[in-house]
Amino acid sequence: MREIVTIQVGGFANFIGSHFWNFQDELLGLASDPEGDSVFKNQCLNMDVLYRSGETHQGVLTYSPRLVSVDFQGSLGSISSRGTLYNEASSVPSDVVTWKGSVSTQASEPHKKNLFLQSLYEEEQENLTHKRNGFQREIEDKDIVECLDNGVQFWTDFSKVHYHPQSLYELSGLWMDVQEFDNYGIGRDAFSGSFQGEDICERLRFFVEECDHIQGFQFIVDDSGGFSAVAADFLENIADEYTNTPVLLYAARSPTSYMNLRSRKQTVFRHLHDSVSFSRLAPYCKLIVPVGLPSLSTSKASTFLRIEDEKAYHCSAVYAAAVHSASLPFRMEPVGPTADSFAVSGAVDVNGFVQMLAGQARQNMVSILDVAMPAPPLTGKQGEQSLLGSLQPLTPEVADNVEDFQAVESMIVHGALGSGGHHASVFAVKDSVNAVYEHATSRPMFCHLSVARCPLPIPLPFPSIFGNLVGQHGELLDSPISGSKLRGSLDVHSIPMAARLRSSNAILPFLQNRLGNLRKFGIERGALGAELLRSWRFEKDEIDDMGETLSKMVTALVPNDELSSDSD
């Protein structure tokens, strides 16, 4: 067994994680459905890579994500931090017996379960053999979808997954508005203070020690504020304790984190946070993937989607779909001379994946994430745009049309549609992609291709973000469907996906902006942000080290001819 432990730190990271685990839960349900589509039954995906088997004290078998989630105190909404699987009673005594004086209690009203969570609870209470009338179920589902589209407040509001009691951790002392936790400096003591870091590391140790042979950590962090510092301290502990275990880090942020930069002071503040955050996170992971566009709704990645940037529920669904696609090769069953090769191809573990993208001579540890959602079919009118041509970046500040002959790519295609709207074979996808590469004017030095026939399932709590050119199985239509411009899980049941992680000097603008801003606002004599960095408790040598870290990353990617001209 080659297990992966997933870590989610911060609000938006947990929004992404909630969608990610909903996809996994949906795959498990479809695979066990006797009346389900065969494409979900023969997935050739080993879900034990992400999940752990367990048993409650009552002898009930459980299957839960191998996950450690960290967020604000009070961020779980109506869900208990102990989860719902084991129904363990709180260890806090109900009576105070050592104090003889008067006692006053202040308690906030508990959050009520929304319609979706109520429906989950009711289904679990019902006898599994009892099936409700289909018409009644359809009405209920419409109500649930409407409820979620209009009222998601917490990431738990749309989570359909049972979590282990060790999975959900709330940082005490951080029951605050997210706007107050918006910079690296304010989060510096949150991990190490009051032994909370030890508690979190102990939870991680619980999941790691029961692994047979862990292949890596999948780490998602909301790096737009103080949780970046929490993640950096956590990653440093992981690097010390699990030296040879690679970390694949997604540094994510929502469009709202780019908003409200009206003044010069706010702009300097944000630029310095971005520079410090990235330079502190990068050294502790084998591969870092920046994720999060300033406006997802107006990006080319949302051509067939209808996103509301201010809704984390919307944006996180797209990023979660991309992370799901990128993780498929880690749990594909190795193919041999059997029928399995018709379902998946291109299995690779986290270490091999990281070495492929980050182990080149120039040691590029930063990767660009591209996505096609939904992916175009292999044939037909919509197929005039190839799978490669439809991929658009979810990584910000990426250069367009860059020729990089040292570029390395890993592309993942799953659920691709062929002629007649049927799922294309693994071989057809490989032939189609190879044909595009053969005729391309420029191509990467190396490209690894992973293919699976299983599409991305769309679970009930997925937001209504599809446009009216997307069909029931994610096919791209020639004419729009009449009626509502928004289509959700009741209309679209699955979609084909393509994702790509690439090591390319197209990431140079992203790195150069962070290096330039750190020098301009934090290092140069009279820099506007020097006092701000001191208030974040950074000494001059620490700031210089951050500049050196970013400088080395830039230098490693600058073409040789540019370096030569600079030295002249």
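In this text the structure is predicted, and so the values were computed from the model without any measurement. (Residues numbered from 1 in each chain as written. Predicted model: local features only at pLDDT ≥ 70, side-chain atom pairs only at ≥ 80, totals over all residues. Heavy atoms only, no water.)

Observations concerning the overall build of the chain
Working step 1: Looking only at helices and strands, the chain features 15 helices and 16 strands.
Working step 2: Out of the 568 residues in the chain, the part that is buried amounts to 53%.
Working step 3: Long-range pairs, those at least 24 residues apart, make up 80% of the contacts in the chain with a sequence separation of at least 6. (Helix = DSSP H or I, 4+ residues; strand = E, 2+ residues; numbered from the N terminus. Buried < 20%, exposed > 50% of the residue type's maximum accessible area, 1.4 Å probe, protein only. Contact = heavy atoms within 4.5 Å.)

Points about the sheet that holds strand S10 (residues 368-372)
Two modes of strand pairing occur in sheets, parallel and antiparallel, and in both the strands are linked by backbone hydrogen bonds.
Working step 1: The strand order across the open sheet built from six strands is S9-S13-S12-S16-S10-S11, with neighbouring strands paired in mixed fashion. In the strand order of this sheet, the two ends are held by strand S9 (344-345) and strand S11 (392-393), each with one partner.
Working step 2: Against the sheet, helix H9 (residues 350-358) contacts strand S12 (408-414), strand S13 (446-452) and strand S16 (497-503), and its axis sits at roughly 135 degrees relative to S12.
Working step 3: In the packing of helix H11 (residues 426-439) onto the sheet, contacts are made with S9, S12 and S13, and the angle to S13 comes to roughly 155 degrees. (Pairing = 2+ DSSP bridges. Axes fitted to C-alpha atoms, helices over the stretch in contact; angles between N-to-C directions.)

Topic: unusual backbone geometry
Working step 1: The omega torsion across Met 373 and Pro 374 is -5 degrees, close enough to zero to call that bond cis.
Working step 2: Within the secondary structure layout, Pro 374 lies in the loop between S10 and helix H10 (387-390).
Working step 3: One non-glycine residue, Glu 397, lies in positive phi territory at about 60 degrees.
Working step 4: By relative accessible area, Glu 397 is classed as partly exposed at 31%.
Working step 5: We note that Asn 401 has phi near 50 degrees; this positive angle belongs to a residue other than glycine.
Working step 6: Structurally, the position occupied by Asn 401 is in the loop between S11 and S12.

Describing the sheet that holds strand S6 (residues 214-222)
Working step 1: Read from one edge to the other, the open sheet built from six strands follows the order S5-S4-S1-S6-S7-S8, with strand pairing classed as parallel. The outermost strands of the open sheet, each flanked by one partner alone, are strand S5 (168-171) and strand S8 (287-291). Put simply, the sheet's adjacent strands are angled 15 degrees from each other on average, direction ignored.
Working step 2: Direction of pairing for strand S4 (residues 67-72) relative to S5: parallel, over a ladder of four bridges.

Observations concerning the side chain of His 19
Working step 1: For His 19, the location among the structural elements is in helix H1 (residues 11-32).
Working step 2: Among the polar contacts made by the side chain of His 19, one reaches the main-chain carbonyl oxygen of Tyr 313 at a distance of 3.0 Å.
Working step 3: If near-sequence neighbours (up to four positions away) are discounted, His 19 is found in contact with Phe 158, Tyr 313, Ser 316, Ala 317, Ala 320, Pro 461, Phe 462 and Pro 463. (Polar contact = N/O pair within 3.5 Å; in protein donor to acceptor, adjacent residues only side chain to side chain.)

Let's talk about the packing of aromatic side chains
Working step 1: Counted by the stated rule, this structure contains 20 aromatic pairs.
Working step 2: Ring centres of Phe 181 and Phe 227 lie 5.0 Å apart, and the angle between their planes is 70 degrees; this geometry places the pair in the edge-to-face category. Highlighted residues: Phe 181 in the loop between S5 and helix H5 (196-209) and Phe 227 in helix H6 (residues 227-241), separated in sequence by 46 residues.
Working step 3: Phe 181 gets classed as buried once you look at its relative accessible area, which sits at 3%.
Working step 4: It is Arg 253 that lies over the ring of Tyr 258; its NZ or CZ is 5.9 Å from the centre. (Phe/Tyr/Trp six-rings, centres within 6.5 Å; stacked < 30°, edge-to-face > 60°. Lys NZ or Arg CZ within 6 Å of the ring centre and 35° of its normal.)

Let's talk about the pairing of S4
Working step 1: For S4, the buried fraction is high: six of the six residues fall into the buried class.
Working step 2: In terms of strand pairing, strand S1 (residues 3-9) meets S4 through four bridges, oriented parallel. Looking at S4, one finds that Val 9 is bridged to Val 70.

What to know about the environment of Asp 141
Working step 1: By the secondary structure assignment, Asp 141 is in helix H4 (residues 134-151).
Working step 2: Given a relative accessible area of 13%, Asp 141 falls into the buried group.
Working step 3: On a C-alpha basis, the gap between Asp 141 and Pro 461 in space is 9.4 Å, while along the polypeptide they are 320 residues apart.
Working step 4: Not counting residues up to four positions away in its chain, the partners in contact with Asp 141 are Leu 460 and Leu 490.

As for a negative patch on the surface
Working step 1: A grouping of Glu 539, Asp 541, Asp 545 and Glu 548 is seen on the molecular surface, where their side chains present a negatively charged patch.
Working step 2: Take Glu 539: its relative accessible area is 52%, and that puts it in the exposed class. (Patch = residues over 30% accessible without salt bridge, like charges linked within 9 Å, V, L, I, M, F, W, Y side chains within 5 Å. Areas by Shrake-Rupley, 256 points an atom, 1.4 Å probe, with all protein chains shown as cover. Salt bridge = Lys/Arg side-chain N within 4 Å of Asp/Glu carboxyl O. Lys, Arg positive; Asp, Glu negative; His and termini not counted. Charge placed at Lys NZ, Arg CZ, Asp CG, Glu CD.)

Side note on helix H3 (residues 115-125)
Working step 1: For H3, every residue scored as buried is listed here: Phe 116, Leu 117, Ser 119 and Leu 120. Looking straight down H3, one finds its buried side chains confined to an arc of 155 degrees; they lie on one side.
Working step 2: N-cap assignment for H3: the residue whose side-chain oxygen lies 3.2 Å from the backbone N of Phe 116 is Asn 114. (Arc of directions from axis to C-beta.)

Describing the packing of helix H7 (residues 264-281) against helix H14 (residues 540-557)
Working step 1: Relative to each other, H7 and H14 sit at 75 degrees, their axes nearing to 9 Å. When the axis of H7 is compared with that of H14, the two are roughly perpendicular. In this structure, H7 uses Ser 275, Val 276, Phe 278, Ser 279 and Arg 280 to contact H14, whose residues at the interface are Glu 542, Met 546, Thr 549, Leu 550 and Met 553.
Working step 2: In terms of residue class, the contact of H7 with H14 is built from five nonpolar, three polar and two charged. (Parallel < 35°, antiparallel > 145°, perpendicular 65-115°, else oblique. Nonpolar A, V, L, I, M, F, W, Y, C, P; charged D, E, K, R; others polar.)

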